[in-house]
Structure formats: structure tokens, C-alpha cells
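Results of the structural survey
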Amino acid sequence: MNTDTKIILGAIVLSVLVIVGAIFLIGSGESKSPKRETLGSASMMLDKNSEDFGSMKSDEERTATFTITNTSDAVLRIWNIATSCDCTFASIIINGQKTGEFNMAMHMSSTLKNWIGEIPPKQTAQLEVTYRPKVMPVTGAVTRQVNFATNDPQHAEVEVSIKANVL
Ligand SMILES: [Cu+2]
């Protein structure tokens, strides 16, 4: 092996190490989304897409409950729950068990970010959306969203909203 060959081989080995290292770093990122294809497929129904709280004072809070029904014979999975604003919180109740409060993605613990809810066949879950204007005081007409992903191919990304008129 002459010197040139050694240098070329050395450069190749080094490049491979750098690439493998980069893939490892990207792969270990904290907010990884679950792979949809590993989560099966089900079908779901929502009882409504929005709720209007009407007029409320800025120191009040209101909660809307949305019912998610698994209409299939497979396990319905929901994940990536996030709200559109600091002042809006969401929880899911499955089988009497209530999660912590989901908020904007950047403010959530990795436990909530990586949470995947499983709703058994033909069962329902409740999505509670709570609006607390005092967290971020505003007045007038307000609309806030909650988004989540599901393993229902027809409802891969779901959005519900709440409205209020803050006095
Ligand atoms: Cu807000």
C-alpha cells in the first residue's frame, strides 16, 4: 500500500464516521414523531369541531369537552397533541384516566410530546380544551386551536377550536 492509497482510505473511513455520527445525532433528537406506519390504522369520529364559549371575563376559565369515538375494530391511536397558544390547554381522558396538560409544543415535557393515547375498539375518549385568558391577557374575539394526529387515514391530522369573546 503506498502513501496515497493510505491517505485516500483514511479519508473514506473518516467520511463514513462523520456521516454515521450525523445520522446518530439526528436520530436521537428528542421530539421525534412516531412512525405512522408502525401504528396500525383505525377510524374515528368527533362529536364536534368547535365550541363557542361566548363572553367571558379575563380571569375566568372555560373548558370544552370533545368526544372522540373509535368507530373501528382496531386500536385508535392519537399523538402530537398541541395547542396553538400558551393560554390554551388540552387533556385527554381515556377510560377514566386523565393525562397532564398539553400546551404549545415548545412548552411541553418530552413525556407529553412523546405521548401516544390508545383508545380501544368502539370506545370513546374525551378531549378537554381549557382556555385561560389571564395567561395571556387579550380582549375581544379569540379563536384557539388544538391539533393532534391519529392513525385514522381519513383523519390523519385533526384540528378542533374554541372561540370566546373576552370582556
Ligand atoms: Cu394565548
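These notes cover the structure that comes with them. Source: prediction; values computed, not measured. (Residues numbered from 1 in each chain as written. Predicted model: local features only at pLDDT ≥ 70, side-chain atom pairs only at ≥ 80, totals over all residues.)

A word on the nonpolar core. Ranked by size, the top nonpolar core spans 26 residues in total, and within it Ile81, Ala90, Leu127 and Val129 carry the most contacts. Broken down by secondary-structure element, the contributors of at least two residues to this core are strand E3 (62-70), strand E4 (76-83), strand E5 (88-94), strand E8 (124-131), strand E9 (140-150) and strand E10 (157-166). Those residues in contact with Ile81, other than ones at most four positions away along the chain, are Ala90, Ile92, Phe102, Val146 and Phe148. (Core = buried A, V, L, I, M, F, W, Y, C linked by C-beta atoms within 7 Å. Buried ≥ 20, exposed ≤ 12 C-beta atoms within 10 Å, placed from the backbone. Helix = DSSP H or I, 4+ residues; strand = E, 2+ residues; numbered from the N terminus. Contact = placed C-beta atoms within 7 Å.)

A separate point is the sheet that holds E3. Across the sheet, which stays open at both edges, the five strands sit in the order E1-E3-E8-E5-E6 with antiparallel pairing between neighbours. Sheet topology places strand E1 (44-46) and strand E6 (97-98) at the edges, where each strand pairs with a single neighbour. Relative to E3, E1 runs antiparallel, the two being bridged by three bridges. Its bridge partner being in E3, Met44 is matched across the sheet by Asn70. (Pairing = 2+ DSSP bridges.)

Turning to the sheet that holds E4, a few remarks are in order. Backbone hydrogen bonds are what pair the strands of a sheet, in a parallel or an antiparallel way. Spatially, E2-E10-E9-E4-E7 is the arrangement adopted by the five strands of the open sheet, whose pairing is mixed. Looking at which strands have only one partner, the edges of the open sheet turn out to be strand E2 (50-56) and strand E7 (116-119). The sheet shows a mean angle of 25° between the axes of neighbouring strands, direction not considered. By the bridge criterion, 10 bridges tie E9 to E10 in an arrangement that is antiparallel. Bridging from a neighbouring strand, Gly140 pairs with Val166 of E10. (Axes fitted to C-alpha atoms, helices over the stretch in contact; angles between N-to-C directions.)

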